[in-house]
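# Residue-level structural notes
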Amino acid sequence: VPVLAGLLLEASADGVLRLSSFDYEVSARIEVAADVADPGTVLVSGRLLADISRSLPNWPVDVATDGSRVELTCGASRFTLLTMPVDDYPSLPTMPEAAGVVGGHDLTQAVAQVTVAASRDDTRPVLTGIQAVIDGEKLTLMATDRYRLAVRTLPWRPTDPGMQAGALIRARTLSEVSKALGAVGDITLALPADGGGELVGFEAGGRRTTSLLMDGEYPQVLGLFPAEHLGEAEVATAALAEAARRV
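If you're wondering where the values come from, they're calculated on a predicted model, not measured in any experiment.

Moving on, we come to the pairing of strand β8 (residues 98-102). Across four bridges, the pairing between β8 and strand β14 (residues 187-190) is antiparallel. Paired with Val-102 across the strands is Ile-187, a residue of β14.

Take a look at the structure:
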């Protein structure tokens, strides 16, 4: 579907520029302040616009439409992009109901710690995801590829202190979202109110992302941890990492 490669730009009279993308699986939207002379909507190539924006100098950017073209001017630089049919672009899904708030840094760190154990083998799709389990004020993330198992529990602030829910989220999507939103501050996690919906949502600092949840029953991995240990040792993290690299 060619229009899904597009990035939707919506300039509104209230001085906000909204940039949106959607591929029927993951949606993303961000709002930035802008001086809007003429409200309007346009769809352009997302990859081209991203490449252009990375190369622009630190100057204000003027965006204007000229028939079937969009002109971007920044200082002495000028770019022209062809537009895509806005009417063919699908509507972004609606965010589920907010379930609670988690610290952005804590979530980014936790996701990085568990994604290393997520499978990359698509023959068992359920293992390519991260299982998120909510139990009151505890949020647990777990991942396994049948050879490794990683679990991280972190505190969060649920809207309902007695909430219990679970969601299977694609590891790649959760990793990208945590990196993009984690530096902004606290992240609002949105889940279906009845537990039977198909979407999970994340929102922070004017940025919003939704993703389809994965289907399937995640294995009961917490039972794999032994209840008792025959021995235990404490080692310096840096020394252990260096030794592992050597061997």
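For the rest of this paragraph, the subject is the nonpolar core. In terms of nonpolar packing, the biggest core is built from 38 residues, with Leu-141, Trp-156, Ile-169, Phe-202 and Tyr-218 touching the most fellow members. Once residues within four sequence positions are removed from consideration, Phe-202 is found in contact with Met-95, Ile-169, Leu-174, Val-177, Leu-181, Ile-187, Thr-188, Leu-189, Arg-207, Arg-208 and Thr-209. By size, the runner-up hydrophobic cluster in this structure holds twelve residues, among which are Leu-17, Ile-52, Leu-56 and Leu-81.

Glancing now at helix α3 (residues 171-182). Taking 1.5 Å of rise per residue, the twelve residues of α3 would be expected to cover 16 Å, and the 16 Å separating its terminal C-alpha atoms lies within 8% of that figure. Residues Ala-171, Thr-173, Leu-174, Ser-175, Val-177, Ser-178, Leu-181 and Gly-182 constitute the buried set of α3.

What follows covers the side chain of Thr-210. Counting through the fold element by element, Thr-210 comes out in strand β16 (residues 207-212). Thr-210 gets classed as buried once you look at its relative accessible area, which sits at 2%. Here the side chain of Thr-210 touches Ser-27 through a polar contact of 2.4 Å, side chain to side chain. Those residues within four positions of Thr-210 in sequence are excluded, and the remaining contacts are Glu-25, Val-26, Ser-27, Pro-93, Met-95, Leu-199, Val-200 and Gly-201.

A separate point is the packing of aromatic side chains. Under the definition given, this model contains one aromatic pair. Ring centres of Phe-22 and Tyr-24 lie 5.5 Å apart, and the angle between their planes is 65°; on these two criteria the pair is classed as edge-to-face. With relative accessibility at 48%, the residue Tyr-24 sits in the partly exposed group.

With that settled, the discussion passes to the sheet that holds β16. With antiparallel pairing, nine strands are arranged side by side in an open sheet as β4-β1-β2-β3-β16-β15-β14-β8-β12. Single-partner strands in this sheet number two, and they are β4 (40-45) and β12 (157-158). Looking at chain direction, strand β3 (residues 26-33) and β16 are connected through five bridges and run antiparallel. If you follow Ile-30 over to β16, its bridge partner there is Arg-207. Helix α1 (residues 46-55) rests against β1 (6-12) and β4 of the sheet, and its axis sits at about 90° to β4.

Within the structure shown, the criterion is met by ten salt bridges. As a salt-bridge pair, Arg-157 and Asp-186 come within 3.0 Å of each other at their nearest N and O atoms. Taken together, the positions of Arg-157 in strand β12 and Asp-186 in the loop between α3 and β14 put the pair 29 residues apart, joining distant regions of the chain. Several salt bridges share partner residues, and in doing so they unite Asp-14, Arg-18, Arg-29 and Glu-31 into one network.

Below, the discussion takes up the sheet that holds strand β9 (residues 129-135). If you trace the four strands from one edge of the open sheet to the other, you get β11-β10-β9-β13, paired in antiparallel fashion. Each edge of the open sheet carries a strand with a single partner, namely β11 (149-155) and β13 (164-170). Recorded for the sheet is a direction-independent mean angle of 15° between the axes of neighbouring strands. Pairing between strand β10 (residues 138-144) and β11: seven bridges, direction antiparallel. Paired with Met-142 across the strands is Val-151, a residue of β11. With respect to the sheet, helix α2 (residues 104-115) is in contact with β9, β10 and β11, its orientation differing from that of β11 by roughly 165°.

Taken as a whole, the protein shows an average pLDDT of 92; of its residues, 98% reach a score of 70 or greater. When pLDDT is averaged over each element of the protein, helix α4 (residues 237-246) comes out on top at 96 and α3 at the bottom at 91.

Each value, and the rule that gives it
- Residues numbered from 1 in each chain as written.
- Predicted model: local features only at pLDDT ≥ 70, side-chain atom pairs only at ≥ 80, totals over all residues.
- Heavy atoms only, no water.
- Pairing = 2+ DSSP bridges.
- Helix = DSSP H or I, 4+ residues; strand = E, 2+ residues; numbered from the N terminus.
- Core = buried A, V, L, I, M, F, W, Y, C linked by side-chain atoms within 4.5 Å.
- Buried < 20%, exposed > 50% of the residue type's maximum accessible area, 1.4 Å probe, protein only.
- Contact = heavy atoms within 4.5 Å.
- Expected span 1.5 Å × (residues − 1).
- Polar contact = N/O pair within 3.5 Å; in protein donor to acceptor, adjacent residues only side chain to side chain.
- Phe/Tyr/Trp six-rings, centres within 6.5 Å; stacked < 30°, edge-to-face > 60°.
- Axes fitted to C-alpha atoms, helices over the stretch in contact; angles between N-to-C directions.
- Salt bridge = Lys/Arg side-chain N within 4 Å of Asp/Glu carboxyl O.
- pLDDT = per-residue confidence, 0-100.

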